[in-house]
Every structure is written in structure tokens, then in C-alpha cells.
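Notes for the structure review
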Amino acid sequence: MTTTVARRRTTPSAVVRNRATPYLYLLPAFLIYGGFLLFPLIRAAQFSLSAWPGFGPSTFVGLGNYVDLLGDRRFHAAVSHALTLIVFYALLPLGVGLILAAILRRGQVRGLGIYRVLIFMPQVIALVVVAVAWHQIYSPNGMLNQVLEAVGLGELTRGWLGDPTFALPAVGMIGFWLQTGLVMLLLLAGMGRIPNDLYEAARLDGAGAVREFFAITLPSVKAEITTALVLTIIAALKTFDLVYVTTGGGPGTATTVPSYEVYNRAFNLKEVGSASAVAIVLTVLVFAINVAVSRIGEQGQETRR
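A short tour of the structure in this document, coming up.

Each value, and the rule that gives it
Numbers given for residues are sequential positions, taken from 1 along each chain in its written order. Local features in this predicted model are restricted to residues of pLDDT 70 or higher, and side-chain atom pairs are both shown and tallied only at a pLDDT of 80 or more, whereas totals for entire chains, interfaces and linings draw on every residue. Calculation of side-chain values draws on the structure's entire complement of heavy atoms; hydrogens and water are dropped beforehand. Helix numbers and strand numbers start at the N terminus; a helix is a DSSP run of H or I with at least 4 residues, a strand a run of E with at least 2. Based on C-alpha atoms, the radius of gyration is set beside the globule rule, defined as 2.2 Å times the residue count to the power 0.38. Remark: exposure states derive from per-residue accessible area (1.4 Å probe, protein chains only) relative to the maximum for the residue type, with buried under 20%, exposed over 50%, and partly exposed in between. Between two residues, a contact is recorded if the distance between any of their heavy atoms is within 4.5 Å. In these tables, accessible area is a Shrake-Rupley quantity obtained with a 1.4 Å probe, and a residue counts as shielded only by the protein chains included in the view. Here, a salt bridge means any Lys or Arg side-chain nitrogen found within 4 Å of an Asp or Glu carboxyl oxygen. Here a pair means two rings of Phe, Tyr or Trp (six-membered ring of Trp) with centres within 6.5 Å. Their orientation is stacked below 30 degrees between planes, edge-to-face above 60, and tilted elsewhere. When the NZ atom of lysine or the CZ atom of arginine is within 6 Å of a ring's centre and also within 35 degrees of its normal, the charge is said to sit over that ring. Angles shown run from 0 to 180 degrees and are taken between the N-to-C directions of axes, each axis being a line fitted to C-alpha atoms and, for helices, limited to the stretch in contact. When describing relative orientation, an angle under 35 degrees is termed roughly parallel and one over 145 degrees roughly antiparallel, while 65 to 115 degrees is termed roughly perpendicular and anything else oblique. Only Asp, Glu, Lys and Arg are considered charged in this grouping, and only Ala, Val, Leu, Ile, Met, Phe, Trp, Tyr, Cys and Pro are considered nonpolar; every other residue, Gly among them, is considered polar. Definition of nonpolar core: a set of buried residues of the types Ala, Val, Leu, Ile, Met, Phe, Trp, Tyr and Cys, connected through side-chain atoms within 4.5 Å. Exposure above 30% relative accessible area and no salt bridge define the residues that can form patches, which grow by joining like charges within 9 Å and nonpolar side chains of Val, Leu, Ile, Met, Phe, Trp and Tyr within 5 Å. Within this scheme a cavity is a closed region of a 1 Å grid, computed over the protein atoms alone, that accommodates a 1.4 Å probe without allowing it to escape, whereas a pocket is open but has protein on both sides within 12 Å along at least five of seven lines; lining residues each have an atom within 4 Å of a point. Grid points are joined across faces, edges and corners, and a volume is the space filled by probe spheres set on the points.

**Let's talk about the overall build of the chain**
Of regular secondary structure, the chain possesses 14 helices and two strands. On C-alpha atoms alone, the chain measures out to a radius of gyration of 26 Å, which is more than a quarter above the 19 Å that the 2.2 N^0.38 rule sets for 305 residues. Here the chain holds 305 residues, and the buried ones make up 36% of them. A separation of at least 24 residues holds for 69% of the contacts in the chain among residues at least 6 apart in sequence. Total accessible area on the chain is roughly 18000 Å²; 67% of this is exposed by carbon and sulfur atoms.

**What about unusual backbone geometry?**
In most cases, non-glycine residues show a negative phi, while peptide bonds are predominantly trans. Between G250 and the following residue, P251, the backbone shows a cis peptide bond with an omega angle of -5 degrees. By secondary structure assignment, the location of P251 is in the loop between helix 12 (241–246) and helix 13 (258–268). Of note in this structure, K270 is not a glycine but carries a positive phi near 60 degrees. Along the chain, K270 falls in the loop between helix 13 and helix 14 (272–304).

**Quick word on the pattern of salt bridges**
For the structure shown, the criterion picks out six salt bridges. We note a salt bridge from E261 to R74, for which the minimum N-O separation is 2.5 Å. With E261 in helix 13 and R74 in helix 4 (residues 73–107), this pair connects stretches of sequence that are 187 residues apart. Here R74 falls in the partly exposed class, since its relative accessible area comes to 28%. Salt bridges here are not isolated pairs; linked through shared partners, they connect D72, R74, E261 and R265.

**Examining the packing of aromatic side chains**
Taken as a whole and assessed by the stated rule, the structure comprises eleven aromatic pairs. A ring pair is formed by F240 and Y244, whose centres lie 5.4 Å apart and whose planes are at 20 degrees; its orientation type is stacked. Ring pairs connect the aromatic residues F240, Y244, Y260, Y263 and F267, which therefore count as one cluster. Lying across the ring of W160, R158 places its NZ or CZ 5.4 Å from the centre.

**Overview of the packing of helix 10 (residues 209–220) against helix 11 (residues 222–237)**
Between helix 10 and helix 11, the shortest axis-to-axis distance is 5 Å and the interhelical angle comes to 55 degrees. As far as their axial angle goes, helix 11 and helix 10 are oblique. Touching L218, P219 and S220 of helix 10 are K222, E224 and I225, all from helix 11. Residue classes in the contact of helix 10 with helix 11 are distributed as three nonpolar, one polar and two charged.

**Here we look at the nonpolar core**
Membership of the largest hydrophobic core comes to 51 residues, with the highest contact counts inside it found for L98, L187, M191 and L242. Where this core is concerned, the elements lending two or more residues are helix 4, helix 6 (127–138), helix 8 (167–191), helix 9 (196–204), helix 10, helix 11, helix 12 and helix 14. In terms of residue count, helix 4 provides more of this core than any other element does, eleven residues in total. Those residues in contact with L98 that sit more than four places away from it in its chain are P93, L187, M191, F213, L218, V221 and I225.

**Some details on a nonpolar patch on the surface**
Together, V117, F120, M121, V124, I125, V129 and W177 give the surface a local cluster of nonpolar side chains, amounting to about 590 Å² of exposed area. The biggest single contributor to the nonpolar patch is helix 5 (residues 112–124), with four residues. For I125, the position within the fold is in the loop between helix 5 and helix 6.

**Observations concerning the layout of surface pockets**
Each pocket or cavity is described by its volume, and for the largest pocket that value is around 250 Å³. If you go around the largest pocket, you meet 15 residues; those closest to its centre are A102, R106, Y199, A209 and E212. Counting residues per element, the lining of the largest pocket draws most heavily on helix 10, which supplies six residues. Residue composition of the lining of the largest pocket, grouped by class: seven nonpolar, three polar and five charged.

**Some remarks on the environment of T217**
In this structure, T217 sits in helix 10. Assessed through its relative accessible area of 4%, T217 is described here as buried. Along the primary structure T217 and A82 are separated by 135 residues, whereas in three dimensions their C-alpha atoms are 31 Å apart. The contact partners of T217, leaving out residues within four places of it in the chain, are M191, I194, Y199 and E212.

Functional significance is not addressed by these values, which are geometric in nature.
Below you can see the structure in the form of C-alpha cells.
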């Protein structure tokens, strides 16, 4: 009887309020997200359809800025450099991180917590500070050249950031140093959840370290690998601080990347419309690559199941 009366008292308006309550709690987050991300993105898309120097009236040009990018060699070079940085920021840290994490996991190293703090330390240092420090290391009188001279390899010394051939790999190695710790930490966390029974059973069957790695460790951390790739690829494609401080996009255009092109076109060349078009293309590129990586990771996990 009581249940029947309660049901009768539940009016449609009360049901609507109950369903809307979770969204009301989420509303502040949605407002912040929309105000600081969606609105600027929409405005950038609007600017990309016009020719505007950053002040005064603008001229609507439609897709003209995007058409110009198709034949812009500087933009093509910037995208090519960003894709090259993915090797240093994502692929190399993933390979090295997998090996080091597997060694630390198998070896049961004492004081692993301290190692994790030291490994993650580069992530908490401001990128400007990192860039200034590495700029000194790469300078003609810097530590790198001094070490090469000390070991008898003086003929290899050079101004690393001023050499068109080595400038981009030099910036990439900074990214490698930054991202390896993050990747290794993610993989160590994933490996820590693997039951020891699996390794003990494999060893009873006569499996060695290499076979354990490919049969147990690697399949068990596919989710962490996907997460690491997504984070590091985003970092590679949106690189700006390191390039701005270390090389300024030079020598020539040897290290220019899309994020730096956005800054250069908007503030130096006063081409806000073109800069906005580059920003939109970069956003689409980041989204497309990371969706592809996530889908591949999900398919791999489904196949394993």
C-alpha cells in the first residue's frame, strides 16, 4: 500500500528533476570546458576563414587560407618536422621504456619508489628551464662538445642547434629525454598489476626472460602502451617551448613545427587568418592520429580477449 502511494506521488516533473540532477553537477565543468576550449576553437575556425592582421577590419576569404597551405612549403616542412619528432617523442621512448621497465620489474630493484621519482622528475620541470639547460649543453662550448673532446672525438664537435642537419634531431633528443621517464612510469604501473603466478608458471615451463617478456609482459601492458603513445604523440605534435627557446625554428626552417608556425604567422607576420588555419589543421591532425592509435590499441585488446 505504501509503495503504491509513493508511486502515485512521483510526478513527471519530479522524474525530470531527478534525471537532470547529474547534469546540473556537471554543468560547471561543461561551462569551463566550453569557455576555455570550445569557444577559442570556434573563434579560431572563424578567423581561419578571413584575412586579418590582428587589428582593424577583416576580409572574408572562405577556404582561401587552407588552399594556400596546400602549396606552402614552409607549412609542409613544419608538418614533416612534427612527424619526425614523433619518432623521438613517442617511438624511441616506448622502445627504451619497455626494456627498462621490464628489467626493473624482473630484477625487483630495491628502492623502486625513489627510481620512479627520479624518472618522473623531468615532467615536473618547466619546459622553458629544460630548453635553456639543453641549449647550454648543445652550445659550441657546451658539455656535449667537451665530453666528445675528452674522449678523443673532437672531430664530431659542432654547434648542434646551428647545424641544419643535426638541429632537428638535437631538439628531438630533448623530447626523448623528457618522455622516456613518463613512458617507463606508465609501463611500470601496468607491469605491477601482472600476477606473479603467471611468471612462476612460465618459469616452470622453462621460459626465459625474453619469452616471458613477449608472452606475458607485452600483452598485459597494451592499454598502457596505447596511453603512452597518445600522450607522447600529442606532446610531439604540439611542441612549441623547446623550439622557441632553443632554435626559434632555425637555422632557416630546419626546426620549424606547426605550433611555432602559428606563433610566427600570428605575431611576427601579422597573418592571423593563416595562423588560425594552421592551428585548425594541427588540431585535426592531432585528433586523427590519436583516434587511430586508440582504435588500434582497442582492437589489440579485443583480439587478446
